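Letter by letter, the chains look like this.
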Amino acid sequence: MHRPPQWLLKSFSFLLNRKMPFRLLKAYTRWLEWRKPPTDLAQFSYQVTLRSIAKLYGREGKVVWASLFFPSEFIYAFRGLPFYPEIAAGLFAALGFAEIPLHRAEKAWFSQDLCSYHRLGLGASLWRFFPRPSFLLATTSICWGTVSFFQVLEEIFRVPCYILDVPEEYSSEAIRYLAAQLEDLAHTLKEKEGVTFQWEEVFHHAQKALSMVQEIESLRKRKDLLLLPPTKNLDYLPYYYQFMGDEVAVTFFEQLRAFLLSSTQTLPHRLLWLHLKPFYPSPLPSLLEEYGLGVVCEEFTSLFPHELNPLEPFLSLGEKIASLSFHFTHPKARTKRILQWFKEYQAEGAIQFNQWGCRQSQGMNALLRQSLRREGFPILFLDGDHLDRRHNTQEQWRTRLEAFAEILRG
Amino acid sequence: MHENQVGYFCHYVPWELFEACGLRGTLVTPAPPFPREREAFFPVPFCPFSKLIAEEIHRAPFSLYVLGFACDASRRTKEILEYLHTKKNLPKTILSLPIPFLGSSWGIQRLAENLRQLSLQLALLAGIHPWEVETRLGEVILSSYEERKEISTLFFAGRLPTQALLTHKRGESLPSQEARPSVLLIGSHLFLSEVVQIAEECGLSVIEESPRGTGPWLILPEQDFVPSSDPFLDLARLYTLHKFPCPRVNQRRAQTIHKMVDHLSLTGVIFLYPQFCDAFLYQLGLLRRFLAVPLLPLAHDTEPNLAQWTTRIEAFREVVRCAPSSPMAPQKL
């Protein structure tokens, strides 16, 4: 891609840091809502994205950056505006602009070998493309790279950064430890930022969205229904993370259920999708479709059915963090969950798209392969990068998917 | 098998705890020639030090190891080793010490608790009463603190010879030197001696801060360590608040190095780092922000790149010599 000139990028950054353009955008979104009430997923997502951009860049509240596994319910509870830089990085890549912030980060000596979600987040922050945060919230899960990423963000923006220490185990002690940290954090934010917490409404929305997700999961277990194109559900990641606790997520999942029920086409093979996928425009979904490889369950959109109790908000959120962290990072727990999905979804195999800079997931590959092989399930590891297309090996994907499809047929 | 010996890594694992249990701790240090038998269990973009540690532990003679979980790579390394040992039925015990996020008081409390748990396991293996360990630990911490203070005083005065701690045995007296160092070498566990040698051949006098040399010993001169009634909490405080911060503690380490460069009027920094190590890679970006002197990054995988390093250090020598006498303004992020 040809990089735009510096003056253009600086002007773009200048505009992004002014409120006026986003007031106009807000007016436009209102008009759009009136003129084209969203009846399908694409239009709904488009309008939600525009509304979020208008709110975040128009600074209609405290903009709070959070790491992917920091529960958004906590932020909605004090009426903050959650912004997940790792999700925004995916959006940047999907729009085809990843190279600009990646280049900026590398110019500041953040190596190409670092996770590209974080590298892109750093580059976009250095360019001031992302909405300026009031403060930062992160957990040490699911990888240590996140901690360093947020510490560098703290250095860039010079705003407070609060990091929750997540223990390696999933036990009542771990949950209580996290709950105590969350309570302490809430207390600090009340004192320093003057915020107040209201849990009922937020937990009500989150609970409703969660039960919709469970319903969708049940539907996806049926052999006559399939979400297409394969891996499409990962494009809806913001609803599973950033919008949990907001009414938007409930409406979205209602629409997603309707869309799924209206699907008429299926593919010969049913697969699990582990980790994330390339978010830049790539032929991967069409290759999967071409070889008859349908995706019935994705690791990152599989949430946990925990009751969120507004009377014990910190314990509830502590449990959510501990549970997610444990099931993503502990090899035995992760394998057990994957094997359970194989059964429930009647899946024949799994694909993991490796992220170049991700040590925590790639370091588990050898053991995961051994465990699944022992149970008779094939797994394919595709190499590349989710955001940086310089690591893209499309022709290799084709060959390997073709071979994998043959294994499944055989 | 070496009785009463325990191999450990990383340097957040306190040797004081081993001593209190009557064990002798040895920092696992991979040495060439490096075998490649376990490499297939690791992905390519993965910490080379972890790969070599796995080889070393697999072939090393100790029956007990303690691995600190300070990063994703160390955790995965332990899982792979456990798998290999179970598969081959090797009589090795691998214990772990999870290192929490240390930027808050929560993390320090949890580290203290993790140390207490580890001491119970070690006491059981060593056949002594946990209470005895706790009693001894207080004394060991005090003597280690005195030793660290002595080393640190020499170091921060710029009078600690470069390779003094690479071969130093505890209890031996330390040599001191009069020549002032001009360049700081910070970095990796591996290939340190090779880089020191090249730098000295190029006429640069070097002071090193690395996990194999001075790193585990240095404590910051600003605050005095006051022991409490809980030796585990004391040990956690000593290793988190007083010790020279490791690359995982990003801003604090970068600020400390910046101060040190200023204090010793150093003219440049050589940064030797393992490729694919996130902590070091983030550290590099931050150091560029904090340092006002030339910075030379040298990356390594599982082998050194001596020819390339020589050329680059020679060029760096010219940069350092030609650098303006007043320090450069720090780079803006």
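Residues numbered from 1 in each chain as written. Chains lettered and ligands numbered in written order. Predicted model: local features only at pLDDT ≥ 70, side-chain atom pairs only at ≥ 80, totals over all residues.

1. What about the overall build of chain A?
Here is step 1 of the chain: Helix and strand content of chain A: 18 helices and eight strands.
Here is step 2 of the chain: For 410 residues, the compact-globule formula gives about 22 Å, and the C-alpha radius of gyration of chain A, at 21 Å, lands near that figure.
Here is step 3 of the chain: Along the longest, intermediate and shortest principal axes, the C-alpha atoms of chain A span 60 × 55 × 45 Å.
Here is step 4 of the chain: When each of the 410 residues of chain A is scored for burial, the buried share is 48%.
Here is step 5 of the chain: Contacts in chain A between residues far apart in sequence, at least 24 positions, make up 75% of those at least 6 positions apart. (Helix = DSSP H or I, 4+ residues; strand = E, 2+ residues; numbered from the N terminus. Rg over C-alpha atoms; globule rule 2.2 N^0.38 Å. Buried ≥ 20, exposed ≤ 12 C-beta atoms within 10 Å, placed from the backbone. Contact = placed C-beta atoms within 7 Å.)

2. What to know about the overall build of chain B
Here is step 1 of the chain: Across its full length, chain B holds 10 helices and eight strands.
Here is step 2 of the chain: In summary, chain B has a C-alpha radius of gyration of 20 Å against a globular reference of 20 Å for 333 residues, a match within 12%.
Here is step 3 of the chain: Along the first, second and third principal axes, the C-alpha set of chain B runs to 60 × 45 × 40 Å.
Here is step 4 of the chain: In chain B, 69% of the contacts between residues at least 6 apart in sequence involve partners at least 24 apart.

3. Thoughts on helix α10 (residues 306–322) of chain B
Residue and element names in this part refer to chain B.
Here is step 1 of the chain: For α10, spanning 17 residues, the distance from its first C-alpha to its last is 24 Å, which sits close to the expected 24 Å at 1.5 Å a residue.
Here is step 2 of the chain: Among all positions in α10, only W309, I313, F316 and V320 are buried. Seen along its axis, α10 keeps its buried residues to an arc of 60 degrees; they face one direction. Among the exposed residues of α10, those oriented more than 90 degrees off its buried face are A307, Q308, T311, A315, E318, R321 and C322.
Here is step 3 of the chain: Packed against the buried residues of α10 are β5 (183–187), α6 (192–201), β7 (268–274) and β8 (295–300). (Expected span 1.5 Å × (residues − 1). Arc of directions from axis to C-beta.)

4. Topic: the sheet that holds strand β5 (residues 269–274) of chain A
Two strands in a sheet stick together by hydrogen bonds in their backbones, pointing the same way (parallel) or opposite ways (antiparallel).
Residues and elements named next belong to chain A.
Here is step 1 of the chain: Spatially, the four strands line up as an open sheet ordered β6-β5-β7-β8, and their pairing is parallel. Each edge of the open sheet is held by one strand with a lone partner, namely β6 (293–298) and β8 (379–382). Sheet twist, expressed as the average angle between the axes of neighbouring strands with direction ignored, equals 30 degrees.
Here is step 2 of the chain: Along the sheet, helix α18 (residues 394–409) makes contact with β5, β6, β7 (349–353) and β8, crossing β8 at roughly 180 degrees. (Pairing = 2+ DSSP bridges. Axes fitted to C-alpha atoms, helices over the stretch in contact; angles between N-to-C directions.)

5. Observations concerning the domain arrangement of chain A
Residues and elements named next belong to chain A.
Here is step 1 of the chain: For chain A, the assigned domains read domain 1 (6–19 + 59–193) and domain 2 (200–309 + 330–409).
Here is step 2 of the chain: With 23 residues of domain 1 at the interface, the matching set in domain 2 holds 24 residues.
Here is step 3 of the chain: Top contributing element to the side of domain 1 that touches domain 2 by residue count: helix α5 (residues 85–94), with five residues.
Here is step 4 of the chain: Considered class by class, the residues forming the side of domain 1 that touches domain 2 number 17 nonpolar, four polar and two charged. (Domains from an automatic or database assignment. Nonpolar A, V, L, I, M, F, W, Y, C, P; charged D, E, K, R; others polar.)

6. So, the pairing of strand β1 (residues 63–66) of chain A
Residue and element names in this part refer to chain A.
Here is step 1 of the chain: Side chains of β1 alternate between two faces, with V63 and W65 and V64 and A66 buried alike.
Here is step 2 of the chain: Sheet topology note: the β1/strand β2 (residues 81–83) ladder contains three bridges and is parallel. Its bridge partner lying in β2, V64 is registered against P82.
Here is step 3 of the chain: Taken together, β1, helix α4 (residues 72–77) and β2 constitute a β-α-β crossover, and its handedness is right-handed.
Here is step 4 of the chain: In the sheet, β1 pairs with strand β3 (residues 135–139) via three bridges, with the strands oriented parallel. Each residue of the ladder has a partner; that of V64, found in β3, is F135. (Right-handed = clockwise from strand over helix to strand, strands pointing away.)

7. Observations regarding the sheet that holds β8(B)
Residue and element names in this part refer to chain B.
Here is step 1 of the chain: The strand order across the open sheet built from four strands is β6-β5-β7-β8, with neighbouring strands paired in parallel fashion. Bordering the open sheet on either side are β6 (206–209) and β8, each of which pairs with just one other strand. For this sheet, the mean inter-axis angle between neighbouring strands, taken without regard to orientation, is 20 degrees.
Here is step 2 of the chain: As defined by bridge partners, β7 adjoins β8 across six bridges and the pair is classed as parallel. When the sheet's bridge partners are listed, P274 is paired in β8 with H300.
Here is step 3 of the chain: With respect to the sheet, α6 is in contact with β5, β6, β7 and β8, its orientation differing from that of β6 by roughly 160 degrees.

8. Things to note about the packing of helix α2 (residues 20–35) of chain A against helix α3 (residues 41–57) of chain A
Residue and element names in this part refer to chain A.
Here is step 1 of the chain: Running from N to C, α2 and α3 point in directions that differ by 150 degrees, and their axes come no closer than 9 Å. Classed by the angle they form, the pair α2 and α3 counts as roughly antiparallel. As α2 packs across α3, the resulting crossing turns out to be left-handed. For the pair formed by α2 and α3, the contact residues are F22, L25, K26, T29, L32 and E33 on the first element and Q47, L50, R51, I53, A54 and Y57 on the second.
Here is step 2 of the chain: Along the lines of polarity and charge, the residues of the contact of α2 with α3 split into seven nonpolar, two polar and three charged. (Parallel < 35°, antiparallel > 145°, perpendicular 65-115°, else oblique. Left-handed = near helix turned anticlockwise from the far one by under 90°.)

9. Overview of helix α5 (residues 130–156) of chain B
All names here are of chain B.
Here is step 1 of the chain: With 27 residues, α5 should reach 39 Å at 1.5 Å per residue; the first-to-last C-alpha distance of 37 Å fits that figure.
Here is step 2 of the chain: Among the residues making up α5, those that are buried are V133, L137, V140, I141, S152 and F155.
Here is step 3 of the chain: For α5, the secondary structure elements touched by its buried residues are α1 (15–20), α4 (105–126) and α7 (231–242).
Here is step 4 of the chain: At the exit of α5 stands G158, carrying a positive phi of roughly 75 degrees.

10. Here's the deal with the environment of A:V213
Residues and elements named next belong to chain A.
Here is step 1 of the chain: Mapped onto the fold, V213 is located in helix α10 (residues 200–220).
Here is step 2 of the chain: For V213, a count of 21 C-beta atoms within 10 Å corresponds to the buried category.
Here is step 3 of the chain: Distance from V213 to V250, taken between C-alpha atoms, is 9.1 Å for residues 37 residues apart in sequence.
Here is step 4 of the chain: When neighbours within four sequence positions are excluded, V213 is seen to be in contact with F253 and L303.

11. Some remarks on the interface of chain B and chain A
Size of an interface, as often reported, equals the accessible area lost when the parts are brought together.
Here is step 1 of the chain: Each partner contributes residues to the interface: chain B has 34 residues there, and chain A has 32 residues.
Here is step 2 of the chain: Of all the secondary structure elements, the ones that give two or more residues to the side of chain B that touches chain A are α3 (72–88), α4, α8 (250–263) and α9 (278–290) of chain B.
Here is step 3 of the chain: For the side of chain B that touches chain A, the element with the most residues is α9(B), which contributes nine residues.
Here is step 4 of the chain: For the side of chain B that touches chain A, the class distribution of residues is 20 nonpolar, seven polar and seven charged.

12. Thoughts on the confidence of the model for chain B
Here is step 1 of the chain: Per-chain confidence: chain B averages 88 in pLDDT, with 95% of residues scoring 70 or above.
Here is step 2 of the chain: On the interface metric, ipTM, the complex scores 0.93, and its pTM is 0.95. (pLDDT = per-residue confidence, 0-100.)

13. Looking at unusual backbone geometry
Excluding glycine, most residues fall at negative phi; most peptide bonds, likewise, are trans.
Residues and elements named next belong to chain A.
Here is step 1 of the chain: Cis rather than trans, the peptide bond between S141 and I142 has omega equal to 5 degrees.
Here is step 2 of the chain: The linkage connecting L228 with the following residue, P229, adopts the cis geometry, with an omega of -5 degrees.
Here is step 3 of the chain: By the secondary structure assignment, P229 is in the loop between α10 and α11 (237–240).
Here is step 4 of the chain: The phi dihedral of R128 is positive, around 60 degrees, even though this residue is not glycine.

14. Observations concerning the nonpolar core
Side chains of nonpolar character tend, in soluble globular proteins, to be buried together.
All names here are of chain B.
Here is step 1 of the chain: Counting residues in hydrophobic clusters, the biggest one holds 215 residues, and the most contacted among them are V195 and F271.
Here is step 2 of the chain: Not counting residues up to four positions away in its chain, the partners in contact with V195 are L185, I270, L272, L298 and W309.
Here is step 3 of the chain: By size, the runner-up hydrophobic cluster in this structure holds eight residues, among which are F155, A164, L218 and F244. (Core = buried A, V, L, I, M, F, W, Y, C linked by C-beta atoms within 7 Å.)

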